[in-house]
Amino acid sequence: GAGVSQSPSNKVTEKGKDVELRCDPISGHTALYWYRQSLGQGLEFLIYFQGNSAPDKSGLPSDRFSAERTGGSVSTLTIQRTQQEDSAVYLCASSLGRDREGQPQHFGDGTRLSIL
Amino acid sequence: EDKVVQSPLSLVVHEGDTVTLNCSYEVTNFRSLLWYKQEKKAPTFLFMLTSSGIEKKSGRLSSILDKKELFSILNITATQTGDSAIYLCAVEPYSGNTPLVFGKGTRLSVIA
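Criteria and thresholds
- Residues numbered from 1 in each chain as written.
- Chains lettered and ligands numbered in written order.
- Predicted model: local features only at pLDDT ≥ 70, side-chain atom pairs only at ≥ 80, totals over all residues.
- Heavy atoms only, no water.
- Helix = DSSP H or I, 4+ residues; strand = E, 2+ residues; numbered from the N terminus.
- Buried < 20%, exposed > 50% of the residue type's maximum accessible area, 1.4 Å probe, protein only.
- 1 Å grid on protein atoms, 1.4 Å probe; cavity = no way out; pocket = protein on both sides within 12 Å on 5 of 7 lines; lining within 4 Å.
- Points joined across faces, edges and corners; volume = space filled by probe spheres on them.
- Nonpolar A, V, L, I, M, F, W, Y, C, P; charged D, E, K, R; others polar.
- Contact = heavy atoms within 4.5 Å.
- Buried area = accessible area lost by both parts, 1.4 Å probe.
- Salt bridge = Lys/Arg side-chain N within 4 Å of Asp/Glu carboxyl O.
- Polar contact = N/O pair within 3.5 Å; in protein donor to acceptor, adjacent residues only side chain to side chain.

1. Overview of unusual backbone geometry
The omega angle of the peptide bond from Ser7(A) to Pro8(A) is -10°, so this bond is cis rather than trans. Cis geometry marks the peptide bond from Ser7(B) to Pro8(B); its omega dihedral reads -10°. For Pro8(B), the position within the fold is in the loop between strand E1 (3-7) and strand E2 (10-14). In this structure, Arg81(A) takes a positive phi of about 50° despite not being glycine. Following the sequence through the fold, Arg81(A) ends up in the loop between strand E7 (75-79) and strand E8 (88-95). Residue classification places Arg81(A) among the partly exposed positions, given a relative accessible area of 42%.

Structural data, given as structure tokens:
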């Protein structure tokens, strides 16, 4: 597809379960970003991948959150032992690279995560 | 700490009105300011601004940046109900841990 693709679009799970969210960036985009958007809040940065470099994990809210990016393309965000405060929309974005001038991030439709 | 503040938080106007949305920021090593429109799902890119005083325009939308006073405005003329959305402002620093720092957005509702 032409845009950033995320799956699933919605996920409902019980507290304590693990969840995996997937992001497929725009073809050719080397940079991939994960954000979280809670009700009434702005987008909160979580983690960023640039090419094959080690990701910047400084935005992850706790050690229950992790992410990986295989082959420089698809990324998976994993939340272990989910808590109710993890309920949010998780948005993925990609760009041609943070080292490139004038390259905006383009967003997927997000995964709406609800923890019961 | 880098920060972006948008105002107003919400706005209701009638079709045909002109609106101005505000975004002020504090950031170390400013690189660019971006505006996005978010309807139901993905924020969609509107503008990227890097230089002061140069207006960017797309149809009825326009935006300008003031790097001295650290703010940007987004104007929408002759509003339509399809303009109803949350408008997000974000600042991109050259360095630091956060690639984009977002404001909380302005929720615009255009009523017929």
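Moving on from the model shown.
2. Structural notes on empty space enclosed by the protein
Overall, the coordinates contain 1 cavity of 30 Å³ or more when judged by the stated rule. In this structure, the largest cavity is lined by Tyr33(A), Ser95(A), Gly97(A), Arg98(A), Arg100(A), Gln103(A), Pro104(A), Gln105(A), Leu34(B), Met48(B), Glu92(B) and Leu100(B). Split into classes, the residues belonging to the lining of the largest cavity amount to 5 nonpolar, 4 polar and 3 charged.

3. Brief notes about the interface of chain A and chain B
The partner chain B presents 22 residues to the 24 residues of chain A that form the contact. Between chain A and chain B, a total of about 1,800 Å² is buried, with carbon and sulfur atoms accounting for 53% of that surface. Our count for the contact surface shared by chain A and chain B stands at 0 salt bridges. Joining chain A to chain B, the criterion identifies 3 residue pairs in polar contact (both at pLDDT 80 or more).

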